[in-house]
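Residue-level listing of the chains:
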Amino acid sequence: MSTIKDIARETGLSLATISKYLNGGHVLDQNRERIEAAITKLDYKVNYFARGLKTNRSMTVGVLLPTISSPFFGRVVAAMDARLRQCGYHSIVCSYDFDPQLEREQLRLLVNINVDAIVFVPQQIEAETLTSIVQNVPVVLVDRAIPDYRCDAVVADSLNAIYSAMEALFRKQHSRIGLIVGPQDISTARERLIGYRRVHEDYHIPVDEELIQVGNYDLESGYRLFNALMDLEQPPSAVCVTNYDMTVGAITAAHERGIALPEQVDFIGFDNIDLCQVVTPPLPFVEQPMEEMGREAARIVLQRLDGGKEPPQLLRLKSKLSHV
């Protein structure tokens, strides 16, 4: 098995330079290229466990998601991982598949393998439980916040995003607008429902509770709840769907029913840029700043790992309504 000394002999560089590179430090570009070529040639393997014991840094960041199948989270994590890798850190990504027990178990796993920080999209965990599990590990929440838990968080302004979408539909003379929203134990879903209610209040339009359909942030519930809205005795003239996967389900249901969107039922989706642009005519959608969320999460992680002592920050990023 090759060692760091073999890398030094191959490159002619000092052990200090090679060690600096392997531990995430910045070295000259030409030195980096020589080291990487030697690593490939000699099939050198970094012993992350041993390095962590020696430096008290594993150079890894744990990422815990509700699901790894959602393109939304994929785009956030891709942008975050790219920034972390530039600084010598590697991401360890895992999912809890919307299971509250697995959510806790996966957090404990990340702590036990000695990650340097955790980026976490929470669902049902409470502040007290999270505190007891992570203890001294820096945590950055993404997309969702946890009441009474003090840590950094990067979220989109969900309330105003839905408010703007509803305003656009009100301006087109819609007064019965169906809302397909996520589970109310998730902060983003609660905020989106608040935005829906608030815009009705501000425009002096009564809320018909049967137009509010609560799903699970998945394709199946988008499909099922769009059908439920269309099966009402007085169906809505427009529908707003509030996440990526439910947008897919709702558009699929409309297609199967032979409903032309947006001619027969006006429609605003959420985040599903590719699908909303592919259908004819293109559909309007609320676009969250997914890549920016990932980059900001990485920035905060690196700041904390560099010894930053600033108070925890809640960073709210603006969404935009596209193709209206």
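What comes next is a walk through the structure. (Residues numbered from 1 in each chain as written. Predicted model: local features only at pLDDT ≥ 70, side-chain atom pairs only at ≥ 80, totals over all residues. Heavy atoms only, no water.)

1. A short note on the sheet that holds strand 1 (residues 60–65)
Condition: In short, DSSP must find at least two bridges between two strands for them to pair. Helix and strand definitions follow DSSP, with helices as H or I runs of at least four residues and strands as E runs of at least two, each counted in order from the N terminus. Lines fitted to C-alpha atoms define the axes here, with helix axes fitted over just the stretch in contact, and angles between the N-to-C directions of these axes take values from 0 to 180 degrees.
Spatial ordering of the open sheet is given by 2-1-3-4-5-11, a layout of six strands whose pairing is parallel. On the outer flanks of this sheet lie strand 2 (90–95) and strand 11 (314–317), each paired with one strand and no other. Within this sheet the neighbouring strands show an average axis-to-axis angle of 15°, counted without direction. Here strand 5 (residues 152–156) pairs with strand 11 via four bridges, running parallel.

2. What to know about the pattern of salt bridges
Just so we agree on the cut-off: For this analysis, a salt bridge means a side-chain nitrogen from Lys or Arg found within 4 Å of a carboxyl oxygen belonging to Asp or Glu. Three exposure classes are used, based on accessible area relative to the maximum for each residue type with a 1.4 Å probe and protein chains only: buried under 20%, partly exposed in between, and exposed over 50%.
One pass over the structure, following the stated rule, counts 18 salt bridges. Of the charged contacts in the structure, one is a salt bridge between E210 and R176, with a shortest N-O distance of 3.7 Å. Of this pair, E210 sits in the loop between helix 9 (187–202) and strand 7 (212–214) while R176 sits in the loop between helix 8 (158–171) and strand 6 (177–181); the two residues are 34 residues apart in sequence, bridging distant segments of the chain. Of the residues examined, E210 reaches a relative accessible area of 36% and is grouped as partly exposed. With its nearest N and O atoms 3.9 Å apart, the salt bridge here joins E287 to K320. Within this pair, whereas E287 is found in strand 10 (residues 285–287), its partner K320 is found in strand 12 (residues 320–322), the two being separated by 33 residues in sequence.

3. A few points about helix 3 (residues 29–42)
To keep things clear, this is the line we draw: To estimate how far a helix should reach, multiply one less than its number of residues by 1.5 Å. The arc refers to the directions leading from the helix axis to the C-beta atoms.
In this model, helix 3 (14 residues) spans 20 Å end to end at C-alpha, consistent with the 20 Å of a helix rising 1.5 Å per residue. Along helix 3, the residues that are buried comprise N31, I35, A38 and I39. Seen end-on, helix 3 carries its buried residues on one side only, within an arc spanning 100°. Opposite its buried face, helix 3 presents the exposed residues T40 and K41, each directed more than 90 degrees away. Among the residues trailing helix 3, D43 stands out with phi positive, at a value near 55°.

4. Looking at the sheet that holds strand 7
For the record, the criterion: Here, two residues are considered to be in contact whenever any of their heavy atoms come within 4.5 Å of each other.
Judged by pairing direction, the sheet is mixed, and its six strands sit side by side in the order 7-6-8-9-10-12 without closing on themselves. Edge positions in the open sheet fall to strand 7 and strand 12, since each of these has one partner strand only. On average, each strand axis in the sheet is tilted by 20° relative to the strand beside it, whichever way the strands run. Here four bridges tie strand 6 to strand 8 (residues 238–241), and the two strands are oriented parallel to one another. Following the sheet pairing, L179 is matched in strand 8 by C240. Relative to strand 6, helix 10 (residues 219–230) is tilted by about 155°, and along the sheet it contacts strand 6, strand 7, strand 8 and strand 9 (266–270).

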